[in-house]
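Structural overview
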Amino acid sequence: MPQIGLVAVSPRKSRRPKPAAPSAPLGPERIEEWPDGDWVVRPVPGAAAAKAYRCPGCDQELYPGVAHLVVWPTHAGVAERRHWHTVCWRRRLQRRPGGR
């Protein structure tokens, strides 16, 4: 005997949305003293890197999921923060003027 009124529901449509995963914690801030001043440096683990940024050291893109550093001068505040590749930050004073 045919069943009337029953509608098959796709298993995908009956699943409840998963709650958003908590964002990965950022690393601890530290102060680094350099010849050009004191800088606040905060590591960003790859799991917390959700957006793309442009590294001021090499002018290449920092892709989502890539661990990097967020850096800003201690006297300027977070409005001046920039996202750097870790290697670019460490080597920034070794670059030639105007060179990449």
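Before reading further, recall that the structure is shown in the block above.
Scope of this entry: the structure provided in the associated data block. Not measured: the values here are computed from a predicted model.

So, on to the pattern of salt bridges. Applying the stated criterion to the full structure yields 3 salt bridges. Asp36 is the partner of Arg92 in a salt bridge, and the nearest nitrogen-oxygen pair spans 2.7 Å. Placement of Arg92 in the segment after helix H2 (86-91) and of Asp36 in the loop between strand E1 (30-34) and strand E2 (37-44) is noted, with a sequence separation of 56 residues between them. Asp36 gets classed as partly exposed once you look at its relative accessible area, which sits at 41%.

So, on to the sheet that holds strand E6 (residues 82-84). Strand order in this open sheet of 4 strands is E1-E2-E5-E6, and the pairing throughout is antiparallel. Looking at the sheet topology across the chains shown, the edges are occupied by E1 and E6. On average, adjacent strands in this sheet sit at an angle of 35° to one another, irrespective of strand direction. Inspection of the sheet shows E1 paired to E2 by 5 bridges, in the antiparallel sense. Following the sheet pairing, Ile31 is matched in E2 by Val40.

The buried fraction of strand E5 (residues 68-73) is high, at 6 of 6 residues. Alternating residues of E5 divide into His68, Val70 and Trp72 and Leu69, Val71 and Pro73, and every residue in both groups is buried. Two strands pair when backbone bridges link them, and E5 and E6 are joined in this way by 3 bridges, in the antiparallel orientation. Bridge pairing in E6 places Val71 opposite Arg82.

The next thing to look at is the side chain of His68. Position of His68 among the secondary structure elements: in strand E5. His68 sits in the buried class, given a relative accessible area of 4%. Of note is the side chain of His68, whose polar atom sits 2.9 Å from the side chain of His83. Every residue in contact with His68, bar those within four places of it in the chain, is listed here: Arg42, Pro43, Val44, Ala49, Tyr53, Leu62, His83, Trp84 and Thr86.

Thresholds, definitions, all that
Residues numbered from 1 in each chain as written. Predicted model: local features only at pLDDT ≥ 70, side-chain atom pairs only at ≥ 80, totals over all residues. Heavy atoms only, no water. Salt bridge = Lys/Arg side-chain N within 4 Å of Asp/Glu carboxyl O. Helix = DSSP H or I, 4+ residues; strand = E, 2+ residues; numbered from the N terminus. Buried < 20%, exposed > 50% of the residue type's maximum accessible area, 1.4 Å probe, protein only. Pairing = 2+ DSSP bridges. Axes fitted to C-alpha atoms, helices over the stretch in contact; angles between N-to-C directions. Polar contact = N/O pair within 3.5 Å; in protein donor to acceptor, adjacent residues only side chain to side chain. Contact = heavy atoms within 4.5 Å.

No statement about biological role is implied by the geometric values presented.
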